[in-house]
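Residues per chain, in single letters:
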Amino acid sequence: MKALLLTFTLLCNLAVYAVETKVMIRAKARDAKFIGSSLGGAYVIVRNKANQQILAEGKTTGSTGNTELIMKTPKTRAISIADEKTAGFVAKIDIEEPTFVSIEVVSPYNLKQVQATVTTELWLIPGKHILGDGIVLEIPGFIIDILKPRTHQYISLKDIKDKPFQFQANVVMMCGCVIDKGGVWNSEDMEVKGILKKDGKYLKEVKMSWISTNLFEGSDFINTPGNYELILYAYDEKTGNTGIDKVNYVVFE
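Residues numbered from 1 in each chain as written. Predicted model: local features only at pLDDT ≥ 70, side-chain atom pairs only at ≥ 80, totals over all residues. Heavy atoms only, no water.

Visitor: Would you mind showing me how to read the sheet that holds strand S5 (residues 99-107) here?
Guide: Strand pairing in a sheet is mediated by backbone hydrogen bonds. Such pairs are either parallel or antiparallel. Read from one edge of the open sheet, four strands run S3-S2-S5-S6, paired in antiparallel fashion. Of all the strands in the sheet, the pair left with one neighbour each is strand S3 (54-59) and strand S6 (116-124). The mean inter-strand angle of the sheet, taken between neighbouring strand axes irrespective of direction, is 15 degrees. Of the pairings in the sheet, the one linking strand S2 (residues 43-48) to S5 comprises six bridges and is antiparallel in character. Considered in S5, the bridge of Tyr43 is made with Val106. (Pairing = 2+ DSSP bridges. Helix = DSSP H or I, 4+ residues; strand = E, 2+ residues; numbered from the N terminus. Axes fitted to C-alpha atoms, helices over the stretch in contact; angles between N-to-C directions.)

Right, here's the structure in full:
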């Protein structure tokens, strides 16, 4: 009975002395905006570094942020690039003493083929909130979805022989921000190409050109049957952003 009473007393003391500490956590695409509700959010996990206990977890919600503020306004020290609508996740953590934590962000959460995991570590001090822009983790890359041909599509050689065979892909920033010719995210700064393989061996390179918002197209001649693989990439030399999507299809006689 005394042991139970002692345990209860200790738990009560922990409840009394533990202090809620708030941490704003955001995921931001490299050379772009924040990752929020329009893309399904980024998933955030905060762990106690000492024992790996999960202290808080959830998804970022909100808007991608103010384009003028994030992309066009000159940055100086202590200038915030987030406003009250900008996507983030507020972790509410009860701690009774300074605690060293790891923060892990998985983004974009709903697009498994391009998910990146980024982590950082820091000390949290009871009651000392980290708000405003908070902790911002950068997510590099592009989101690429090959639209043509379709995965494992069977294509008759007689339908395409001696005709330009079309390749098509949707390419966006990791926040979902649009890519346009001459836009904030300028298609002319990006190299988008396809690497075409036949029966497991390199065949040729396919140049992709911007057609309309986020849409890139290319074409080439395919005149022999086989198992084909298209590896489509985007690359921005200035920012180091890269992205890949792959599709396999079959051309039969």
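Visitor: Please clarify how the pairing of strand S12 (residues 201-207) should be interpreted in this entry.
Guide: A regular strand places its side chains on the two faces of the sheet in alternate fashion. Taken together, the six bridges between strand S11 (residues 191-198) and S12 define a ladder with antiparallel strand orientation. Directly across from Ile195, in S12, lies its bridge partner Glu205. Linking two consecutive strands that pair antiparallel, namely S11 and S12, is a turn of two residues; a positive phi of about 50 degrees is found at Asp199 within it.

Visitor: What should I look at first to understand the packing of aromatic side chains in this one?
Guide: What describes a pair of aromatic rings is the distance from one ring centre to the other and the angle between the planes of the rings. The final tally for this structure, using the stated rule, is six aromatic pairs. Aromatic pair Tyr154 and Phe252: ring centres 6.4 Å apart, planes at 50 degrees, arrangement tilted. Of the two residues, Tyr154 sits in strand S9 (residues 154-156) while Phe252 sits in strand S16 (residues 242-252), which places them 98 residues apart along the sequence. With a relative accessible area of 51%, Tyr154 lands in the exposed category. Note on Phe165 and Phe167: the rings are 5.2 Å apart at their centroids and 75 degrees apart in plane angle, and the pair reads as edge-to-face. Taken together through their ring pairs, the aromatic side chains of Phe165, Phe167, Tyr228 and Tyr249 make up a single cluster. (Phe/Tyr/Trp six-rings, centres within 6.5 Å; stacked < 30°, edge-to-face > 60°. Buried < 20%, exposed > 50% of the residue type's maximum accessible area, 1.4 Å probe, protein only.)

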